[in-house]
Amino acid sequence: MKLFSILFIALFLYLPFNSIAWGVQGHRIVGQIAESYLTPKAKQAIQKILGNESVAMASNWADFIKSDTAYNYLSPMHYINLPDRLSYAELKEYLLKDTAADVYTELAFLIKQLKRPDLTKEKQVMYLHLLIHLVGDVHQPMHVSRAEDEGGNKIQVMWFRESTNLHAVWDEKLIDFQQLSYTEYATAINFTTASQRQVWQREPISQWLFESNQIAEKLYSEINQNEQKLSYRYNYDHIAILNNQLLKGGVRLAGLLNEIFG
Ligand SMILES: [Zn+2]
């Protein structure tokens, strides 16, 4: 028994973690920013569904349930894999024919369902949790990238002295490096103007995906050219892009929630 435990722990420590989404912090930052732009009506409707849970704290449910195999069917819905070098026109064409279980089709499903007046309370709760999470995920560039390397999960890099992968760097390493709580982080980056918010919120989900995909292509090309040891310089060169994605995610989530519940 003891040997088994040791073997199990050893194996567990050895296995590289397959990263799943913006880490806990990234999703909370998006949720916290979204809350600051909700209309009073939307806020009230959401509170009725979530109870005492904030949007920020509701944002990680979709990752936490991954430990339960009953929810395995939801796993492909956190991302979308796309062919390389799509123009915006090509992407829109691709999405028109998209029938796969991915983040794009799932978002469309959730929005439609949450607008139904006859939706059961139980489904409202589940779908709202999923929606809050997935709007965050589509703003993580590596969630809108290539199938062949599993969105960068198979691209090994060094993050300071730690061996990890490109996906994980964008899920959490860069965010954790800032050493801020999620509320401090949201406060530090939540600067927008009303006209900027309006522009971001009016853009369709296809545009959100295109932006993430364009960033992902840039990240891939850099990794191919450079040494895959990432540290201070990588943070310096990319943190503004990452923060802008978190901010856009929050603003657009608020826009969507206001549209559904406002
Ligand atoms: Zn996710």
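Above this text you will find the structure in question.
Notes on the structure follow.

Quick notes on the rules
Residues numbered from 1 in each chain as written. Predicted model: local features only at pLDDT ≥ 70, side-chain atom pairs only at ≥ 80, totals over all residues. Helix = DSSP H or I, 4+ residues; strand = E, 2+ residues; numbered from the N terminus. Rg over C-alpha atoms; globule rule 2.2 N^0.38 Å. Contact = placed C-beta atoms within 7 Å. Pairing = 2+ DSSP bridges. Axes fitted to C-alpha atoms, helices over the stretch in contact; angles between N-to-C directions. Core = buried A, V, L, I, M, F, W, Y, C linked by C-beta atoms within 7 Å. Buried ≥ 20, exposed ≤ 12 C-beta atoms within 10 Å, placed from the backbone. Arc of directions from axis to C-beta. Parallel < 35°, antiparallel > 145°, perpendicular 65-115°, else oblique. Nonpolar A, V, L, I, M, F, W, Y, C, P; charged D, E, K, R; others polar. Expected span 1.5 Å × (residues − 1).

## Comments concerning the overall build of the chain
And step 1. Along the chain, the regular secondary structure elements total 13 helices and five strands.
And step 2. On C-alpha atoms alone, the chain measures out to a radius of gyration of 19 Å, which is about the 18 Å that the 2.2 N^0.38 rule sets for 262 residues.
And step 3. Residue pairs in contact within the chain that sit at least 24 positions apart in sequence constitute 79% of those at least 6 positions apart.

## Focus: the sheet that holds strand β3 (residues 156-159)
Within a sheet, neighbouring strands are paired by backbone hydrogen bonds and run either parallel or antiparallel to one another.
And step 1. Spatial ordering of the open sheet is given by β4-β3-β5, a layout of three strands whose pairing is mixed. The open sheet has two free edges, formed respectively by β4 (162-165) and β5 (229-230), since each of these has just one partner strand.
And step 2. Relative to β5, β3 runs parallel, the two sharing two bridges. Residue pairing for β5: methionine 158 is matched across the bridge by lysine 229.
And step 3. Of the strands in this sheet, β3, β4 and β5 touch helix α9 (residues 166-177), which is tilted by about 100° from β4.

## With respect to the nonpolar core
And step 1. Residues Ala34 and Leu131 are the most contacted members of the largest nonpolar core, which totals 64 residues.
And step 2. Aside from chain neighbours lying at most four places away, what touches leucine 131 is Leu110 and Leu114.

## Structural notes on helix α3 (residues 40-50)
And step 1. By the burial criterion, the buried members of α3 are Ala42, Ala45 and Ile46. All buried residues of α3 project into a common sector of 95° when viewed along the axis, lining one side. Across from the buried face of α3, at angles greater than 90 degrees, the exposed residues are Pro40, Gln44 and Lys48.
And step 2. Check the buried side of α3 and you find it contacts α4 (55-58) and α13 (232-261).
And step 3. Note on α3: the residue one or two positions beyond its end, glycine 51, has a positive phi of about 65°.

## Overview of the pairing of β4
Note on strand geometry: in a regular strand, side chains alternate between the two faces of the sheet.
And step 1. Here four bridges tie β3 to β4, and the two strands are oriented antiparallel to one another. Note on β4: the bridge partner recorded for methionine 158 is serine 163.
And step 2. Between the end of β3 and the start of β4, which pair antiparallel, lie two residues, with phenylalanine 160 showing a positive phi angle near 50°.

## Quick notes on the environment of valine 55
And step 1. Summarising the element assignment, valine 55 is placed in helix α4.
And step 2. Along the backbone, valine 55 and glycine 31 are 24 residues apart, and their C-alpha atoms lie at a distance of 5.1 Å.
And step 3. The contact partners of valine 55, leaving out residues within four places of it in the chain, are Gly31, Ala34, Glu35, Ile46 and Ile132.

## Digging into the packing of α3 against α13
And step 1. Where α3 contacts α13, the two axes come as close as 9 Å, and the packing angle between them is 80°. Classified by the angle their axes make, α3 and α13 are roughly perpendicular. From α3, Lys41, Ala42, Ala45 and Ile46 reach across to α13, where they touch Leu257, Asn258 and Phe261.
And step 2. For the contact of α3 with α13, the class distribution of residues is five nonpolar, one polar and one charged.

## Here's the deal with helix α7 (residues 103-114)
And step 1. In a regular helix each residue adds 1.5 Å, so twelve residues correspond to 16 Å; α7 covers 16 Å between its end C-alpha atoms and thus fits that length.
And step 2. Among all positions of α7, only Val103, Tyr104, Glu106, Leu107, Leu110 and Leu114 are buried. Taken around the axis of α7, the buried residues stretch over an arc of 165°, which confines them to a single face.
And step 3. On its buried face, α7 is in contact with β1 (80-81), α6 (88-96), α8 (121-137), α12 (205-225) and α13.

## Concerning unusual backbone geometry
And step 1. Although it is not a glycine, phenylalanine 160 adopts a positive phi angle of roughly 50°.
And step 2. Looking at the element boundaries, phenylalanine 160 is found in the loop between β3 and β4.
And step 3. Even without being a glycine, glutamine 179 presents a positive backbone phi close to 55°.
And step 4. Here glutamine 179 falls in the exposed class, since 8 other C-beta atoms lie within 10 Å of it.

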